[in-house]
Amino acid sequence: MSRGEVAIVGAAETTELGRIPHMSQIQLHADAALNALADAGLGISDIDGVATAGESPTGVAHYLGITPNWVDGTAVGGCSFMLHVRHAVAAIESGLCRCVLITHGESGRSNVGRGGRVSAASSLQGQFESPYGGMGPTTIFTLPVLRFLKETGTTLAEMASVAVSQRQWAGKNPRATLKTPITVDEVLNDRMIAYPFTRSQCCLVTDGGGALILVAADRAEDFPHKPVYILGTGESTETPMISQMADLTTSKAFKVSGARAFSEAGIDHGAVDHLMIYDAFAHLPLYGLEDLGFCGRGEAGAFIAEGNTLPGGRLPMNTNGGGLSYMHSGMYGMYALQESVRQVRGTAAAQVDAVDVSVCHGVGGMFAASGTVIMGSSATR
Amino acid sequence: MRIDFTQVPVPVPTPETEHFWAGTLVGELRLQQCIDCQTTYFPPRPFCPTCASRAIEIVCASGRGSLASYVINQRPHPAFDGPYAIALVELEEGVRMMSNLLNIEQTPDALILDMPLQVTLQPLSDDIVLPYFEPRGSRS
């Protein structure tokens, strides 16, 4: 895979975010797609490749009136869209299609036209995890963290600082769901959801969507906005069962995906101006900073608590407010990608100075999968 | 914390897991071990996840383990009468299982990581007996 050969030339979220009970899930995909087409100055007939998760690519293509040459229905949870970017790069480079539309839409709060997500009682999760009272991500995704805190010496207050930091970014973003500043004490004393996670360390539950359009870099300058080049990507999976993670304190999928993306991009961590780490819960940026190599073992909590990821800090992270404060429809990865695109374009609500390289890292399922996309303001650096 | 065992989602065995549930029915916690590379593993599958050998055998776990991690869920669940821990238990044999913890307070003060645990089996139906864990030395 050669770096900078493909670029994002269209990017947009749904017109509204938050509570959108007047739109079904498929319409959220379409609303975001139409906004992204307008952003790129393209019509529906210009799209010949479709990738999506949550809905089938067949359904999205037909709903939008697209007859594609290429589809990708990779669905590995919230980072699926990072994987779609990676696969789209390969498809465009190898000539399978010319212009890929990646869509996301999720009626996560209002549940309008959204399918169910229950494990069969005969699946391995159904037999060996579901009997023990897990109630979705708040009780399952969170399960490894006490082991992480013990093994790394990270404190509950340091983990709480993740929520505090991201709220500071959200305060600068008019589209963020939660904007009021909070303190570490307020986070720790908020309503307990699943010890040790309080409400403000758990993601929002909202409706929304987003879409991206990618083309070959050699025609990326022909569009209305500054192209955002794909410098490197990575993907991996580990296990659909949280109980079977190889090590509860580190994500194998994060490490594989992150290392591959950095290697493809040919950059080191010092070149990174901006970082998104998918934060369905407050512990994920801790795992992400360490597993991607931004922090040493046990250092991520203090790194965040000391303000390094805040506005003005040396590694601005989750600058839209993240899944904790901006929005979280269920599969948040698309919103992290959108924020990386905005930061590289220079159009973010809380814009970081001179972002030439943005790393966007996603998780799928509950430490089940991972995808990483490194974006740049120029094709070669 | 009390569990209403009539409200626990009942596992449905498959051909690959049938030996596990046949084991709990007769008081055994059964794992699998690779004859070629000696890896003991869980959850069940008819080949070794380390070396892919199909030469595997069923072995009985000691039932002893320790508390690897947990959360204490505060939201109501029909099978539980109050906040309850969902735990990850590391067995002596080196495999990890999800479970609940019986015969102990469901509080951060009582639930100490690495505390020694032992298996305790509870019937959910005529066919399915579910493994739970309790502090080692409990007389359940």
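Refer to the structure printed above.
Trans is the common state for peptide bonds, and a negative phi is the common state for residues other than glycine. Along the chain, Y195 of chain A connects to P196 of chain A via a cis peptide bond; the corresponding omega equals 10°. Residue placement: P196 of chain A occurs in the loop between β5 (192-195) and β6 (197-198). With an omega dihedral of -5°, the bond running from F42 of chain B to P43 of chain B counts as a cis peptide bond. Position of P43 of chain B among the secondary structure elements: in the loop between β2 (40-41) and β3 (56-60). For N111 of chain A, which is not glycine, the phi torsion reads 55° and is therefore positive. Residue placement: N111 of chain A occurs in the loop between β4 (99-107) and α4 (124-128). The backbone of F367 of chain A shows a phi angle near 60°, a positive value even though the residue is not glycine.

Time to look at the interface of chain B and chain A. Listed by partner, the interface residues are 40 residues for chain B and 35 residues for chain A. Summed over the shared surface of chain B and chain A, the result is two salt bridges. Residue D114 of chain B is joined to R147 of chain A by a salt bridge in which the shortest nitrogen-to-oxygen separation is 2.7 Å. Counting across the interface, chain B meets chain A through 19 residue pairs in polar contact (both at pLDDT 80 or more). Listing elements by their share of the side of chain B that touches chain A, those giving two or more residues are α1 (18-25), β4 (64-73), β5 (84-91), β6 (96-99) and β8 (129-135) of chain B. When residues in the side of chain B that touches chain A are grouped by element, the largest group, seven residues, is from β4 of chain B. Split into classes, the residues belonging to the side of chain B that touches chain A amount to 29 nonpolar, eight polar and three charged. One ladder, built from two bridges, connects β5 of chain A with β4 of chain B; its direction is antiparallel. In the sheet register, A194 of chain A faces β4 of chain B, and the bridge partner there is N73 of chain B.

All names here are of chain B. With respect to burial, strand β1 (residues 30-34) is a largely interior element, five of its five residues being buried. With burial as the criterion, each face of β1 is covered, one bearing R30, Q32 and C34 and the other bearing L31 and Q33. Here five bridges tie β1 to β3, and the two strands are oriented antiparallel to one another. Residue pairing across strands places Q32 opposite I58, the latter belonging to β3. Hairpin remark: β1 followed by β2, antiparallel, with five residues in the connecting loop; positive phi at Q38, about 70°.

Turning to the layout of surface pockets, a few remarks are in order. In this structure, the second largest pocket encloses a volume near 430 Å³. What lines the second largest pocket is a set of 23 residues, and nearest its centre among them are Q244 of chain A together with F42, P43, R45 and P49 of chain B. Residues belonging to the lining of the second largest pocket are distributed by class as follows: eleven nonpolar, seven polar and five charged.

Scoring rules and cut-offs
Along each chain, the written sequence defines residue order, and numbers are assigned to residues from 1. Naming scheme: in the order in which they are written, chains are lettered from A and ligands are numbered from 1. Residues qualify for local features only when their pLDDT is at least 70, as the model is predicted, and side-chain atom pairs are given and counted only at 80 or more; totals for whole chains, interfaces and linings, by contrast, use all residues. The side-chain values count all of the structure's non-hydrogen atoms but skip hydrogen atoms and water molecules. Counting from the N terminus, the helices are the DSSP runs of H or I reaching at least four residues and the strands are the DSSP runs of E reaching at least two. Residues are treated as being in contact if the distance between any of their heavy atoms lies within 4.5 Å. Every case where a carboxyl oxygen of Asp or Glu lies within 4 Å of a side-chain nitrogen of Lys or Arg is listed as a salt bridge. For the purposes of these results, a polar contact is taken to be a pair of N or O atoms within 3.5 Å, where, inside protein, one atom must be able to donate a hydrogen and its partner to accept one; residues adjacent in sequence count only when each atom of the pair is a side-chain atom. Residues are grouped as follows: Ala, Val, Leu, Ile, Met, Phe, Trp, Tyr, Cys and Pro are nonpolar; Asp, Glu, Lys and Arg are charged; all remaining types, including Gly, are polar. Pairing between strands is defined by DSSP: at least two bridges between them are needed. Exposed residues in this analysis have more than 50% of their type's maximum accessible area, buried residues have under 20%, and partly exposed residues fall in between, with area computed by a 1.4 Å probe over protein chains only. Here a cavity denotes a set of grid points, spaced 1 Å apart and computed over the protein atoms alone, in which a 1.4 Å probe fits but from which it cannot get out, and a pocket denotes an open set meeting protein on both sides within 12 Å along at least five of seven lines; residues with an atom within 4 Å of a point are reported as lining. Grid points are joined across faces, edges and corners, and a volume is the space filled by probe spheres set on the points.

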